[in-house]
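Coordinate inspection notes
Residue-level listing of the chains:
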Amino acid sequence: MAVDSVLSSPLGPPACEKDAKALQFIEEMTRNADAVQERVLNEILTRNSQTEYLKRFKLDGVSDPETFKNKIPVVTYEDLQPEIQRIANGDRSPILSAHPISEFLTSSGTSAGERKLMPTIKEELDRRQLLYSLLMPVMNLYVPGLDKGKGLYFLFIKSETKTPGGLLARPVLTSYYKSEHFKRRPHDPYNVYTSPNEAILCADSFQSMYTQMLCGLYEREQVLRLGAVFASGLVRAIRFLQLHWPQLAHDIRTGTLNPEITDPSICERMGLVMRPNPKLADFVTDECSNENWEGIITRIWPKTKYLDVIVTGAMAQYIPTLDYYSGGLPKACTMYAASECYFGLNLNPMCKPSEVSYTIMPNMGYFEFLPHDPNSSRDSTRKLVDLVDVEVGKEYELVITTYAGLYRYRVGDILRVTGFHNSAPQFHFVRRKNVLLSIDSDKTDEAELQRAVENASKLLKEFNTSVVEYTSYADTKTIPGHYVIYWELLMKDLNNSPSDEVLNKCCLAMEESLNTVYRQGRVACNSIGPLEIRMVKNGTFEELMDYAISRGASINQYKVPRCVSFAPILELLDSRVMSRHFSPSLPQWTPERRR
């Protein structure tokens, strides 16, 4: 029942008084976006005026936007790496931030094959928590009754390390889930999970997933929404159910916990959950032993109203799979965030995935936008544009200044302006800049793929064979998804051609050349399957060029695409495949950072 109209919001009638205050806050921030941005920049520059970085550019305590833009350069991670490394090595002087760096958040973007280290400060947790607190009040506008059940969310922590100077380095969500903000969050009837904290906080991915799935099955009649951070995570959870339902059904039937679950805190917590339920076990067996898994989500969790997953950007490739498993349930993309900063939220979360737009919350950081020309490989030389001055229909690269000490930092996200909510712009996420391949949280660019192909092709030299051309695509029809690389070879000695074993080793050599995020997905998270090389007939890439020219490409400007997704091109390539080869083992990966 909506609260009194005095507390109502232009976004719609709030579900409760708490929601009304959250919606009012969104309205206030977006109505006054320009003033909020100026205040945020003033706060950042004033508090950090004595940092080494700002003093280097002689800002001299000035905090107005024009002076800031004239004196502080736009930078990339590589520009800041020396300062970040000093902090990582133990230098506690105010280099980037006047507030002590509390930890590093490891970005899924990569630099020289390693995760980027993003400095953060303790108060950023408050800022992130604030954005989280706005999500359900918006969702409640579109989906009533979410306080009458629970959410089945598959949430996980990942490995964390310490830098030489003793600071933690871990993914942003691991930092949040391990924080008191999450562990001691107040009860909210609109935001109750089936997964116990003990399962979410278990570092063993099998034990964590198994326990979360088991709890979700026990509470199947209460589940109103299913979610994971990325679409790939939810697909992986369904695949896990396909593989492990016999043991899960056994546990439910007998009320005993799988002996592979050994984490003491999980065992203790599950002692309160486990109970024999033969009827539920029979139901799980009947549904999961059926070869047809179409609509399995709504068959097992019949009250599910939507899926809460990110399906924008590279995650859009999972939409058909999720539609198959869920019978076409709505997919809500609720927020837009990164390791560097949390940015904004989707004020229309039940829209189609192709129509998702995120409203930037101007209190989260200071935002600028570099005009991006999708038809040019060069950066625009035009001046950066303020948050409120972007133009609908145009594309921009996001540039941020944060409380934690990033100044005019290029995030690498390409966004298209779709409109405004009050004076705050709304953006459609187009893609990560320069990212070619992605299955989960991995990001492989063209240069990295080229290097991997070069390293793998060294194994062909003794056979007087070389790679003539190649392209790639992210195959998400398999679970987990995997990279597919198409190779056309030039064999100068047909009597000494490389064997299947050698070509399989080429797959592994490519994986060894890819970044640590990819290798972690392969080794520790099982979120990426073995890399595959598909050998195509000689002349295949000429046919590819002929096809492109027939569709209007210029023969003078044609370049072989290093990644393809267009169905007719994939069909052409697959029709020319002579053999398929897979990585025979896991690549090397260790949670320790390489120095």
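Residues numbered from 1 in each chain as written. Predicted model: local features only at pLDDT ≥ 70, side-chain atom pairs only at ≥ 80, totals over all residues. Heavy atoms only, no water.

1. As for the domain arrangement of the chain
Let me state the cut-off plainly: Each domain's extent was defined by an automatic or database domain assignment. What makes two residues a contact is simply this: any of their non-hydrogen atoms within 4.5 Å. Values labelled buried area give the accessible surface lost by two parts on being combined, using a 1.4 Å probe and summing over both. The term salt bridge refers to a pairing of a side-chain nitrogen on Lys or Arg with a carboxyl oxygen on Asp or Glu at a separation within 4 Å. Between N or O atoms, a polar contact is any pair within 3.5 Å; within protein, one atom must be a potential hydrogen donor and the other a potential acceptor, and residues adjacent in sequence are included only when both atoms are from side chains. Starting at the N terminus, helices and strands are each numbered in turn, a helix being any DSSP run of H or I of at least four residues and a strand any DSSP run of E of at least two.
Taken as a whole, the chain is organised into domain 1 (17-122 + 337-432), domain 2 (147-158 + 188-304) and domain 3 (435-582). Placing the centre of domain 2 and that of domain 3 at their C-alpha centroids yields a distance of 36 Å. Contact residues are listed per partner, giving seven residues for domain 2 and nine residues for domain 3. For the pairing of domain 2 and domain 3, the buried interface totals around 730 Å² over both sides, and the portion due to carbon and sulfur atoms is 52%. Applying the counting rule to domain 2 against domain 3 returns one salt bridge. Its salt-bridge partner being R236, residue D440 comes within 3.9 Å of it at the nearest N-O pair. Where domain 2 touches domain 3, the interface holds zero residue pairs in polar contact (both at pLDDT 80 or more). With four residues, helix α11 (residues 231-254) is the single largest residue contributor to the side of domain 2 that touches domain 3.

2. A short note on the nonpolar core
Rule in force here: Side-chain atoms within 4.5 Å are what join buried Ala, Val, Leu, Ile, Met, Phe, Trp, Tyr and Cys residues into a set we call a nonpolar core. Think of it in three bands: with a 1.4 Å probe and only protein chains considered, a residue is buried below 20% of the maximum accessible area for its type, exposed above 50%, and partly exposed in between.
With 165 residues, the main nonpolar core has L241, W301, F343, F367, W487 and M510 as its most contacted residues. Among the elements that take part in this core, α11 stands out by supplying 11 residues, more than any other. In this structure M510 touches L449, A452, V453, A456, I485, W487, L531 and I533, once residues within four positions along its chain are discounted.

3. Here we look at the packing of helix α16 (residues 446-457) against helix α17 (residues 500-513)
In a packed pair of helices, the relevant descriptors are the angle between the two axes and the axis-to-axis distance. For the record, the criterion: Here the axes come from fitting lines to C-alpha atoms, over the contacting stretch only for helices, and the angles between their N-to-C directions go from 0 to 180 degrees. Orientation labels follow simple angle bins: below 35 degrees gives roughly parallel, above 145 gives roughly antiparallel, 65 to 115 gives roughly perpendicular, and whatever is left gives oblique. Should the near helix be turned anticlockwise from the far one by less than a right angle, the crossing is left-handed, and should it be turned clockwise, the crossing is right-handed. Polar here means any residue other than Ala, Val, Leu, Ile, Met, Phe, Trp, Tyr, Cys and Pro, which are nonpolar, and Asp, Glu, Lys and Arg, which are charged; Gly is therefore polar.
The contact between α16 and α17 brings their axes to 8 Å, and the two run at 140°. Relative to α17, α16 is oriented oblique. Regarding α16 and α17, the two cross each other, and that crossing is right-handed. Mapping the contact onto sequence places E448, L449, A452, V453, N455 and A456 in α16 and C506, A509, M510 and S513 in α17. When grouped by side-chain class, the residues that make up the contact of α16 with α17 number seven nonpolar, two polar and one charged.

4. Brief notes about the sheet that holds strand β7 (residues 306-310)
Note the following rule: DSSP-based pairing: two strands are paired if at least 2 bridges between them are found.
Strand order in the open sheet formed by four strands is β3-β6-β7-β8, with parallel pairing between adjacent strands. Only two strands of the sheet have a single partner each, and these edge strands are β3 (150-154) and β8 (331-332). The strands touched by helix α10 (residues 205-218) are β3 and β6 (223-230); relative to β3, the strand with the most contacts, the crossing angle is about 160°.

5. Digging into the environment of Y409
Relative to the assigned elements, Y409 resides in strand β15 (residues 409-421). The class of Y409 is buried, set by a relative accessible area of 0%. Note: C-alpha distance between Y409 and D79 (330 residues apart in sequence) is 9.5 Å. Not counting residues within four places of it along the chain, the set of residues in contact with Y409 comprises V75, T76, Y77, L80, K116, M118, E340, L398, V399 and I400.

6. Thoughts on the pairing of β15
Counting buried residues in β15 gives 10 out of 13 residues, a clear majority hidden from the surface. Sheet analysis places strand β14 (residues 395-401) next to β15, joined by five bridges and oriented antiparallel. Its bridge partner being in β15, V399 is matched across the sheet by R410. Direction of pairing for β15 relative to strand β16 (residues 424-432): antiparallel, over a ladder of eight bridges. Paired with F420 across the strands is P425, a residue of β16. Linking β15 back to β16 in an antiparallel pair, the connection comprises two residues, with N422 at a positive phi of about 55°.

7. Some thoughts on the sheet that holds strand β20 (residues 482-491)
Spatially, the four strands line up as an open sheet ordered β19-β20-β21-β22, and their pairing is mixed. Edge positions in the sheet fall to β19 (465-475) and β22 (577-582), since each has one partner strand and no second. Each adjacent strand pair in this sheet contributes to an overall mean axis angle of 25°, direction not counted. Relative to strand β21 (residues 532-536), β20 runs parallel, the two being bridged by four bridges. Of the residues in β21, the one forming a bridge with Y486 is R534.

8. Let's talk about the state of the cysteines
Applicable threshold: Note on terminology: pairs of cysteine sulfur atoms within 2.5 Å are recorded as disulfides.
The full count for this structure, using the stated rule, is zero disulfides. A disulfide-free cysteine, C288 has its sulfur positioned 16 Å from the sulfur of C215, the nearest such atom. Cysteine C333 shares no disulfide, and the gap to the nearest cysteine sulfur, in C351, comes to 7.3 Å.

9. Regarding unusual backbone geometry
Omega for the bond connecting I479 with P480 falls within 30 degrees of zero, at -5°, which places this linkage in the cis form. Tracing the backbone shows P480 in the loop between β19 and β20. Backbone geometry places K58, a non-glycine residue, at a positive phi of 55°. Counting through the fold element by element, K58 comes out in the loop between α3 (52-56) and α4 (65-71). Using a relative accessible area of 55% as the deciding quantity, one classes K58 as exposed. With a phi close to 55°, D60 is a non-glycine residue in the positive phi region.

10. Quick look at the packing of helix α19 (residues 540-550) against helix α20 (residues 567-575)
In the contact formed by α19 and α20, the axes pass within 10 Å of each other and the chain directions differ by 155°. What the angle tells us is that α19 and α20 run roughly antiparallel. The chirality of how α19 crosses α20 is right-handed. Counted together, T540, E543, L544 and Y547 of α19 and P568, I569, L572 and L573 of α20 form the full contact between these two elements.

11. A look at the pattern of salt bridges
A complete count under the given rule lists 37 salt bridges for this structure. Among the salt bridges present, the one from K178 reaches E160, with a minimum N-O distance of 3.3 Å. Taken together, the residues span a long stretch of sequence, with K178 in the loop between α7 (172-177) and α8 (180-183) and E160 in the loop between β3 and β4 (161-162) at a distance of 18 residues. Taking the relative accessible area as the measure of exposure, K178 reaches 29% and is therefore partly exposed. E160 sits in the partly exposed class, given a relative accessible area of 28%.

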